[in-house]
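# Structural characterization, general
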Amino acid sequence: MSGFEKTRVGVIGAGAWGTALAQSLAGDGSEVLLWAREPDLTARINAERRNDLYLPGAALADSVRATSDLAELAALPVLLAVVPAQFLGGVLSQLPALGFSGDLVLCAKGIEAGSGRLMAEVAAQAVPGSPIAVLSGPTFAHEVAAGLPTAVTLACSGGQAQWQRLSPVIARPALRPYYSDDVIGAEIGGAVKNVLAIACGVVEGLKLGQNARAALIARGYAEMLRFGLARGARAETLSGLCGLGDLVLTCSSTSSRNFSLGLALGQGLTAAEALSGKNSVAEGAATAPVLADIARRDGIEMPIAEAVCRLLEGKAPASDVVVQILARPLRAEQEPLS
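So, here's what we can say about the structure. (Residues numbered from 1 in each chain as written. Predicted model: local features only at pLDDT ≥ 70, side-chain atom pairs only at ≥ 80, totals over all residues. Heavy atoms only, no water.)

## Re the overall build of the protein chain
- For the protein chain, the helix and strand inventory stands at 16 helices and 10 strands.
- Taken against the 2.2 N^0.38 rule, which gives 20 Å for 338 residues, the C-alpha radius of gyration of the protein chain at 19 Å falls within 12% of a compact globule.
- Along the three orthogonal principal directions, the C-alpha set of the protein chain runs to about 55 × 40 × 35 Å.
- For the protein chain, the proportion of its 338 residues judged to be buried stands at 53%. (Helix = DSSP H or I, 4+ residues; strand = E, 2+ residues; numbered from the N terminus. Rg over C-alpha atoms; globule rule 2.2 N^0.38 Å. Buried < 20%, exposed > 50% of the residue type's maximum accessible area, 1.4 Å probe, protein only.)

Laid out in structure tokens, this is it:
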């Protein structure tokens, strides 16, 4: 990769993360087309150079233009899909009829409810023939928008050839992608860490201390690794930016929507109360039940994910769920992974 290319890019989804990516990519003057479903939001973004609904305080570059016409994006060679995981298939399924055949970079983190499919599987069915990549890693949107240093995994289903096309388009001085061809690993890291971040928020809400949170991150990573290896991911992917790196970030700050949801649960709110009135989506709330269902079906032990499900369903107060986890039989820390 020699330098950065000014290639027109489309970003599907004008939430906090989509807006931040658009701003990062436009930082060198590249034209970025940002799609939002709501025409009034696109009008405000174009008029005010801001998206205070989802990313307050961030000033957008002049080369970012918002639109509600998906056909405008379909003509571009690279699209970043940043709509929430549960809506990804519905939006992407419109692209083939609009003539899109370029590279599709998935930036949503989750597992589709009902089908149990990862986002790359959803996209492959919705946009057959388009080369798929996954961008994932420790990324708070407000920091990316502010141009603070960020590193991510760019997992390319098309291998090195796709990496050579995409990396110059996505890389910026403060946004550094690292190559992988492990799409499954990149997706599982991003999906599972959202569920574990809810659990870490609960620990904070219950005021159980830093020791407990560190232990939960470590044991949660063991669950991520078990689940990932069972689904075909590589351990080295999950130990990198899109797995362990993202896990540490989102399990440690209220800037994480999932951590904030867990914090509210630990403080005694119900899931419905904690989620009401929020503009942004806590992906882990939708991912947790399908993740736990898959784990039970496949015989993968994931007690923390199960505990998060019980909390979200209101089956037990947070304090009781923690007691149940602590009362599990004693065992060796390290066990064979396969």
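## Section: the pattern of salt bridges
- Going through the model one piece at a time under the given rule, you end up with 18 salt bridges.
- Notably, a salt bridge pairs R234 with D181, separated by 2.7 Å at the nearest N-O pair. Note that R234 is positioned in the loop between α9 (210-230) and α10 (235-238) and D181 in the loop between β10 (175-180) and α8 (183-205), a separation of 53 residues in sequence.
- For K315, the salt bridge goes to E313, with nearest N and O atoms at 3.0 Å.
- Counted as one network, the salt bridges with shared partners bring together K109, K193 and D246. (Salt bridge = Lys/Arg side-chain N within 4 Å of Asp/Glu carboxyl O.)

## Focus: α8
- The end-to-end C-alpha distance of α8, which contains 23 residues, comes to 34 Å, matching closely the 33 Å that a straight helix rising 1.5 Å per residue would cover.
- Most of α8 sits inside the fold, with 21 of its 23 residues counted as buried.
- K207 lies just past α8 and shows a positive phi near 55°. (Expected span 1.5 Å × (residues − 1).)

## Here's the deal with the sheet that holds strand β1 (residues 9-12)
- The strand order across the open sheet formed by eight strands is β5-β2-β1-β6-β7-β8-β9-β10, and the pairing between neighbours is mixed. A strand with exactly one partner marks an edge of an open sheet, and here the two such strands are β5 (64-67) and β10. Strand after strand, the sheet turns through a mean of 25° between neighbouring axes, direction not considered.
- Direction of pairing for strand β6 (residues 78-81) relative to strand β7 (residues 103-106): parallel, over a ladder of four bridges. Pairing of A81 across the sheet is with L106, part of β7.
- The strands that helix α2 (residues 39-48) touches are β2 (32-35) and β5; relative to β5, the one it contacts most, it runs at about 160°.
- Sitting on the sheet, α8 touches β8 (132-136) and β9 (150-156), and the angle it makes with β8 is about 40°. (Pairing = 2+ DSSP bridges. Axes fitted to C-alpha atoms, helices over the stretch in contact; angles between N-to-C directions. Contact = heavy atoms within 4.5 Å.)

## Observations regarding unusual backbone geometry
- For R49, which is not glycine, the phi dihedral falls at a positive 60°.
- With respect to the helices and strands, R49 occurs in the loop between α2 and β3 (50-51).
- Look at R49 and you get buried, because its relative accessible area is 18%.
- A positive phi angle is found at K207, which is not glycine, with a value near 55°.

## Some words on the pairing of β1
- Alternating positions in β1 separate into two faces, V9 and V11 on one and G10 and I12 on the other, with burial throughout.
- Direction of pairing for β1 relative to β2: parallel, over a ladder of four bridges. Bridge pairing in β2 places I12 opposite W35.
- One crossover worth recording links β1 to the parallel β2 by way of helix α1 (residues 16-25), and it is right-handed.
- Pairing analysis gives three bridges linking β1 to β6, with the strands arranged parallel. The partner of I12 across the bridge, within β6, is A81. (Right-handed = clockwise from strand over helix to strand, strands pointing away.)

## A short note on the environment of G99
- Position of G99 among the secondary structure elements: in the loop between α4 (88-92) and β7.
- Taking the C-alpha atoms as reference points, G99 and A74, 25 residues apart in sequence, are found 6.3 Å from one another.

## A look at the nonpolar core
- In this structure, V192, F227, L265, L291 and M302 are the most contacted members of the largest nonpolar core, which totals 48 residues.
- Counting residues per element, the ones that place at least two in this core are α8, α9, α12 (257-266), α13 (271-275), α14 (283-298), α15 (303-312) and α16 (318-326).
- Here this core gets 11 residues from one element, more than from any other, and that element is α8.
- Residues A26, V32, L34 and V64 belong to the second largest nonpolar core, which totals 40 residues. (Core = buried A, V, L, I, M, F, W, Y, C linked by side-chain atoms within 4.5 Å.)

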